[in-house]
Amino acid sequence: MKLGIFGVGYVGLVTAASLADKGHTVFIHDTAKEKIAALQSGGIPIFEDGLEPLLHQNFNRLSFTHDVHKVISECDIIFICTGTPQDENGKADLSQVESAVNEIARHSLSDKIIVIKSTVPPGTTEKMEQIANKQTSDSNFSFAHNPEFLRQGKAVYDFMNPSRIIIGASDKKVQEILKSLYSAWDAPILQTDARSAELLKYAANSFLAMKISYINMISQLSDQLGTNIDDIASGIGLDPRIGSDFLKAGIGFGGSCFPKDLKAIENAAADIGVELPFIGQTLDINEKQGELFFEKIKAYGKDLKNKKITLLGLSFKPNTDDIRSAPSIVLSEKLVNEGARVTAFDPLVRDFPVEGVHIAHSFESAITDSEITVIVTEWDDFKKLLLVENIRRMKQQPVIFDGRNMFTLEEVKSAAEQYPLNYESIGRPQVSSLGVKNQIFV
Ligand SMILES: NC(=O)c1ccc[n+]([C@@H]2O[C@H](COP(=O)([O-])OP(=O)(O)OC[C@H]3O[C@@H](n4cnc5c(N)ncnc54)[C@H](O)[C@@H]3O)[C@@H](O)[C@H]2O)c1
């Protein structure tokens, strides 16, 4: 098939490369001219594991173009993968989706199937279908919602191995065409109406975020009781009715989806008079978790002024360069406001919006003479590098705040036997070889 893609971000580019890999010819347009130009010359504007080889293998079936008419005239099925960020009122800003729909409707000379992959509030797909069909009587536009569940950092794998494919459309013919397109994937296909598909996506994301906030809430209690949240999470997760995924305590979720999607569905529900208390509480616990972590650092360091604090990891999770709503942003703002000298290292992130944060170009220089080292994102490399090889680079008697429980307490204890340190994590006892009270002594 000849397929079109509007929007070449994390979802659009992975979708394009994967569809091309299944043998389709894919025409891709984005309003960000620099992204299209980069892709035309073989560059990749985002980092995703496995994306570069997938794009290069399929380059002959991928056409990146500034020419919106080309995509519209060549393709009968067009996927909209534009952003749906949060607006100033906490609602989903649908302007990117709407402008793509308008563009397609204005320039189409034949009937089209328009598939909205972007996450949109219930009712949006129907509304977009009306908007498109009002523009012209020459073409007919049939719409579907096909929500995307890929995880950044594992996006290519997830797109190629989805847990399920959801096709939301009222038109039977559209359902059948999309079902046949997706028959190349080995995954259950659930067919439903567009509105249900839209709500399903928000319900899935809210549930996952709720699981994280749930274990973080318990971690707050565990911190006070001196119990071990990792053991508790393992014990809960072994129950197949609960499952272990998304039960890892940490400084809270961020990223381009959970925070804005929870706000969007909470607001969309409120607009029709429905309260979703779990959603608000999930967001509140998440915010509080970050605040408590900062308070811990502050309480330990007392006066943070001029102390060298090293943040390890800036992206909202490992294996991505994305810092949208990353916990590192709020945390570093707070530390800078306390007058700390904040240095950060991330394997992929080079541009960081918080003024006063020095971005180190190597792990080693970031932690050299560090008085307080904070693990913000659990990159695998940090696990290998921090405790064994480089701990001596930090100032004597360093303290590590592990916001991701990246190390087991046993690993920390064995490191602390060789090099005196303090270690604080989330919902677990402290480890100290420095004689500080109320801690596990090595
Ligand atoms: N990132 C994820 O992990 C993920 C997972 C599932 C679903 N989603 C959803 O998918 C959608 C896209 O997410 P993303 O992370 O890829 O966003 P993104 O911001 O990385 O990419 C969006 C792209 O759309 C382009 N764009 C904006 N208006 C356009 C227009 N009118 N025509 C053509 N291109 C236009 C932008 O320039 C940008 O390159 C969002 O609704 C998001 O919630 C994202």
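Residues numbered from 1 in each chain as written. Predicted model: local features only at pLDDT ≥ 70, side-chain atom pairs only at ≥ 80, totals over all residues. Heavy atoms only, no water.

Colleague: Whenever I open this one, helix H9 (residues 194-225) confuses me. Can you help?
Modeller: Helical geometry note: an α-helix holds 3.6 residues per turn, so side chains three or four residues apart project in the same direction. Along its 32 residues, H9 runs 47 Å from first to last C-alpha, staying within 8% of the 46 Å computed at 1.5 Å per residue. The opening residue of H9 is Asp193, an N-cap whose side-chain oxygen sits 3.3 Å from the backbone nitrogen of Arg195. Two residues or fewer after H9 comes Gly226, characterised by a positive phi angle close to 75°. (Helix = DSSP H or I, 4+ residues; strand = E, 2+ residues; numbered from the N terminus. Expected span 1.5 Å × (residues − 1). Polar contact = N/O pair within 3.5 Å; in protein donor to acceptor, adjacent residues only side chain to side chain.)

Colleague: Where do I start with the packing of helix H12 (residues 277-301) against helix H13 (residues 327-337) in this structure?
Modeller: The description of two helices packed together rests on the angle between their axes and the distance between the axes. Where H12 contacts H13, the two axes come as close as 10 Å, and the packing angle between them is 35°. Judged by the sense of rotation from one axis to the other, the crossing of H12 with H13 is right-handed. Together, Glu291, Phe293, Phe294 and Ile297 of H12 and Leu331, Lys334 and Leu335 of H13 make up the contact between the two elements. Residues that form the contact of H12 with H13 fall into these classes: 5 nonpolar, no polar and 2 charged. (Axes fitted to C-alpha atoms, helices over the stretch in contact; angles between N-to-C directions. Left-handed = near helix turned anticlockwise from the far one by under 90°. Contact = heavy atoms within 4.5 Å. Nonpolar A, V, L, I, M, F, W, Y, C, P; charged D, E, K, R; others polar.)

Colleague: Would you mind showing me how to read the state of the cysteines here?
Modeller: Each disulfide consists of one covalent bond between the sulfur atoms belonging to two cysteines. The full count for this structure, using the stated rule, is 0 disulfides. Cysteine Cys75 shares no disulfide, and the gap to the nearest cysteine sulfur, in Cys81, comes to 12 Å. (Disulfide = S-S within 2.5 Å.)

Colleague: Honestly, the environment of Lys260 in this entry has me stumped. Any pointers?
Modeller: Note that Lys260 resides in helix H11 (residues 258-271). Lys260 gets classed as buried once you look at its relative accessible area, which sits at 14%. Once residues lying within four places of it in the same chain are set aside, the contact partners of Lys260 are Thr84, Pro85, Gln86 and Thr119. (Buried < 20%, exposed > 50% of the residue type's maximum accessible area, 1.4 Å probe, protein only.)

Colleague: Even after reading the chapter, I still don't get the pairing of strand S13 (residues 399-402), so can you show me in this structure?
Modeller: Across a regular strand the side chains alternate sides, sitting on one face of the sheet and then on the other. The alternating pattern of S13 places Val399 and Phe401 on one face and Ile400 and Asp402 on the opposite face, and all of these are buried. With 3 bridges connecting them, S13 and strand S14 (residues 422-424) associate as parallel partners. In the strand pairing of S14, Phe401 is matched with Glu424. (Pairing = 2+ DSSP bridges.)

As far as function goes, none of this settles anything; it's purely spatial.
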